[in-house]
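Structural features, examined
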Amino acid sequence: MKTISVCMIVKDEEHCIERILRQAKKFADEIIIVDTYSEDKTPEIALKYTNRVYKTEFQDFSQARNYSLSLAESDYVMWLDADDVLPDESVEKLIALKNSLGAQDMIMLPYETAFDEDGNPTFRYFRERIFRNRAGYVFEGAVHEAVAPRGEIEYLDIPIRHQKEAVRNPFRNLGIYQKLIADGAELCPREKFYYACELYYNRMYDEALAVFNVFLKGGGMTANVVQALLNSSDIYIMKGMFEEGFAAAAKALYYVMPTPAVCCQLGYCLQKAGKYGLSTYYYGMALTVKETDPLAFRNTDFDAYVPYIEMGLNSYYDGDVDKAIEYTLKAKEIRPNSALAESNLAYYFEEKAKTEKIEG
């Protein structure tokens, strides 16, 4: 049986760290905690689960992650964040996984980072989660750090959930990138992508669009290129530049087969432009295609829930309230407690009642 070291970097996580440590203790052969000088009781809580607690000054995320890896002594290392959560079945699968480790250099596991009103995951993507110790794997990137996939890679359905319990400074990551640039650093393509995303998240749309355009000229991994185009499309739509928004989303089809995310973005652009029939066509296409790239960012709402919601809206705009109700009921079947589906249905039924009253 192979051994696993769980490596974590933490700061001021007393509100959540015990939850993940309690779970990690069930399968980890050792737990390495690198604390970047917490001002709360995080180190004391960690010491209840491991005596391998270290302190280091925070320089950037890769530096801290790599320091934690350097302390690991097991056959494999696994990284976790303090606000990660493992579903019970994932814990059981990780315990069983240790019996089959050996040929793999790296294990990719799904990371679930957004959830609906019932706690079901709606956004997921694969991350390099477990990899062979002392085999030259290192984290790269000051922010959104990652280990480049290589070697014998296996994708497993053992989801890890990222459930934030505290509100973080939304400008933290953006500030790190801005400092890097001010210090003269040359961002690699991946860093340009995430820098543009941070600008986008913080509603600095003109700046984000400029950086996305620079990134797209230099290339990058396909999943990032596609997402950059979809985010750019979103910015153009917000600026009322619908043709440019459609063109940006359509350009994604140069890199990938149609996916639910791309089709929904095309439908959204056409809807905002008032082309409701065409919009419904692309939302309908989203129901028939699948995301096949395991490294893609996947919003599962695009598979059916969003198309049905938006097809309902298009039908209402086109004057077909019955069709609007039909589509929205399908969305409600997928997410029974969706507040949006409930409010849309209430409105459509109210409009239908008004029409029937007038006709009567």
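Before going into details, it helps to say that this report is about the structure given with it. (Residues numbered from 1 in each chain as written. Predicted model: local features only at pLDDT ≥ 70, side-chain atom pairs only at ≥ 80, totals over all residues. Heavy atoms only, no water.)

**Let's talk about the packing of aromatic side chains**
One pair of aromatic rings is described through two measures. These are the centre distance and the angle between the planes. Using the following cut-off: Pairing of aromatic rings covers Phe, Tyr and Trp, the last through its six-membered ring, and needs centres within 6.5 Å; plane angles under 30 degrees mean stacked, over 60 mean edge-to-face, and all others mean tilted. Helical segments are the DSSP runs of H or I of at least four residues, strand segments are the runs of E of at least two, and each set is numbered from the N terminus. Burial here depends on accessible area, computed with a 1.4 Å probe over protein chains only, as a share of the maximum for the residue type. Under 20% is buried, over 50% is exposed, and the range in between is partly exposed.
Overall, the coordinates contain 26 aromatic pairs when judged by the stated rule. Aromatic side chains Trp79 and Tyr111 sit 5.9 Å apart centroid to centroid with 85° between the ring planes, which places their arrangement in the edge-to-face category. In this pair, Trp79 sits in strand β4 (residues 76-79) while Tyr111 sits in strand β6 (residues 106-115), placing the two residues 32 residues apart along the sequence. Given a relative accessible area of 3%, Trp79 falls into the buried group. In this structure Tyr111 comes out as buried when scored by relative accessible area, which is 4%. Note on Tyr281 and Tyr282: the rings are 5.1 Å apart at their centroids and 85° apart in plane angle, and the pair reads as edge-to-face.

**Concerning helix α13 (residues 321-334)**
For clarity, the threshold we go by: Expected helix span is taken as 1.5 Å per residue step, with the number of steps being one fewer than the number of residues.
Taking 1.5 Å per residue, 14 residues should reach 20 Å; α13 reaches 20 Å between its end C-alpha atoms and fits that length. Val321, Ala324, Ile325, Tyr327, Thr328 and Ala331 are the residues of α13 that are buried.

**Concerning the side chain of Glu191**
Put simply, the test is: Charged residues are defined here as Lys and Arg on the positive side and Asp and Glu on the negative side; His and the ends of the chain fall outside this count. Salt bridge, as used here, is a side-chain nitrogen of Lys or Arg placed within 4 Å of a carboxyl oxygen of Asp or Glu.
One can find Glu191 in helix α6 (residues 189-201). No salt bridge is formed by the buried Glu191, whose closest oppositely charged neighbour, Arg190, lies at an N-O distance of 7.2 Å.

**Thoughts on the nonpolar core**
Most often, soluble globular proteins keep nonpolar side chains buried together rather than apart. Let me state the cut-off plainly: Residue types Ala, Val, Leu, Ile, Met, Phe, Trp, Tyr and Cys, when buried and joined through side-chain atoms within 4.5 Å, form a set referred to as a nonpolar core. Contact between two residues is taken to exist if any of their heavy atoms lie within 4.5 Å; hydrogens are not considered.
If you look at the biggest cluster of nonpolar residues, it comprises 84 residues, and the most contacted ones within it are Val6, Met8, Met78, Leu94, Phe131 and Phe212. Sequence-distant contacts of Phe131, defined by excluding residues within four places in its chain, comprise Leu69, Tyr76, Val77, Trp79, Asp105, Met106, Tyr137, Phe139 and Val147. Ranked by size, the runner-up nonpolar core spans 14 residues in total, among them Tyr283, Val306, Ile309 and Tyr327.

**Thoughts on the state of the cysteines**
For clarity, the cut-off: Disulfide: a pair of cysteine sulfur atoms within 2.5 Å of each other.
One pass over the full model with this rule turns up zero disulfides. With no disulfide of its own, Cys16 has Cys7 as its nearest cysteine by sulfur position, at a separation of 18 Å. Note on Cys263: no disulfide assigned, nearest cysteine sulfur contributed by Cys264 at a separation of 7.1 Å. Given a relative accessible area of 1%, Cys263 falls into the buried group.

**Some words on the pairing of β4**
Basically, it comes down to this: Here, any two strands with at least 2 DSSP bridges between them count as paired.
Because side chains alternate across β4, one face comprises the buried residues Tyr76 and Met78, and the other comprises Val77 and Trp79, equally buried. Bridge count for strand β1 (residues 4-10) against β4 is four bridges, and the pairing is parallel. Note that in β4 the partner of Cys7 across the bridge is Trp79.

**Topic: the pattern of salt bridges**
Tallied over the entire structure, the rule returns 23 salt bridges. A salt bridge links Arg52 to Glu30; the nearest nitrogen and oxygen atoms lie 2.7 Å apart. Highlighted residues: Arg52 in the loop between α2 (42-46) and β3 (53-55) and Glu30 in strand β2 (residues 30-35), separated in sequence by 22 residues. One exposure class covers both Arg52 and Glu30, and it is buried. In the salt-bridge network here, residues are joined through shared partners; they are Glu112, Arg124, Asp157 and Arg161.

**Structural notes on the packing of helix α10 (residues 260-272) against helix α11 (residues 276-286)**
We count it as follows: Helix axes are fitted only over the stretch in contact, all axes being lines through C-alpha atoms; the angle between N-to-C directions runs from 0 to 180 degrees. Any angle that falls under 35 degrees is termed roughly parallel, while one over 145 is termed roughly antiparallel, one within 65 to 115 roughly perpendicular, and all others oblique. Classification convention: Asp, Glu, Lys, Arg as charged; Ala, Val, Leu, Ile, Met, Phe, Trp, Tyr, Cys, Pro as nonpolar; all other residues, Gly among them, as polar.
Running from amino to carboxyl end, α10 crosses α11 at an angle of 170°, the nearest separation of the two axes being 8 Å. The pairing of α10 with α11 is recorded here as roughly antiparallel in orientation. Every residue of α11 that contacts α10 at Pro260, Cys263, Cys264, Leu266, Gly267, Tyr268, Leu270 and Gln271 is listed here: Tyr276, Leu278, Ser279, Tyr282, Tyr283, Met285 and Ala286. Tallied by class, residues from the contact of α10 with α11 come to twelve nonpolar, three polar and no charged.

**Some details on helix α1 (residues 17-24)**
Heads up, the rule is: Relevant arc is that of directions from the helix axis to the C-beta atoms, nothing else.
Of all the residues in α1, the buried ones are Ile17, Ile20, Leu21, Gln23 and Ala24. For α1, the angular spread of the buried residues around the axis is 160°, confining them to a single face. Buried-residue contacts for α1 involve β1, β2, α2, β5 (84-85) and α4 (88-97).

**Considerations on the packing of α6 against helix α7 (residues 205-218)**
Here is the rule we go by: Each crossing gets its handedness from the near helix: less than a right angle anticlockwise from the far helix is left-handed, clockwise is right-handed.
Interhelical geometry of α6 versus α7 gives an angle of 160° and a closest axis separation of 8 Å. As the angle between them shows, α6 and α7 are arranged roughly antiparallel. Judged by the twist between their axes, the crossing of α6 over α7 is left-handed. Counting all contacts with α6, which are made through Pro189, Lys192, Phe193, Tyr195, Ala196, Cys197, Leu199 and Tyr200, the residues of α7 involved are Tyr205, Glu207, Ala208, Val211, Phe212, Val214 and Phe215. For the contact of α6 with α7, the per-class residue count stands at 13 nonpolar, no polar and two charged.

**Structural notes on the side chain of Asp35**
Put simply, the test is: Within 3.5 Å is the distance limit for a polar contact, defined as a pair of N or O atoms, with the added protein rule that one can donate a hydrogen and the other accept it, and that residues adjacent in sequence qualify only through two side-chain atoms.
Note that Asp35 resides in strand β2. Overall, Asp35 belongs to the buried group, its relative accessible area being 1%. Among the polar contacts made by the side chain of Asp35, one reaches the side chain of Lys55 at a distance of 3.2 Å. Apart from residues no more than four positions distant in its own chain, Asp35 is found in contact with Val10, Lys11, Thr42, Pro43, Tyr54, Lys55 and Thr56.

**Overview of the environment of Glu154**
As for its position among the elements, Glu154 is in strand β10 (residues 153-155). Residues Glu154 and Lys239 lie 85 residues apart in sequence; the distance between their C-alpha atoms is 42 Å. Those residues within four positions of Glu154 in sequence are excluded, and the remaining contacts are Gln104, Met106, Ile107 and Met108.

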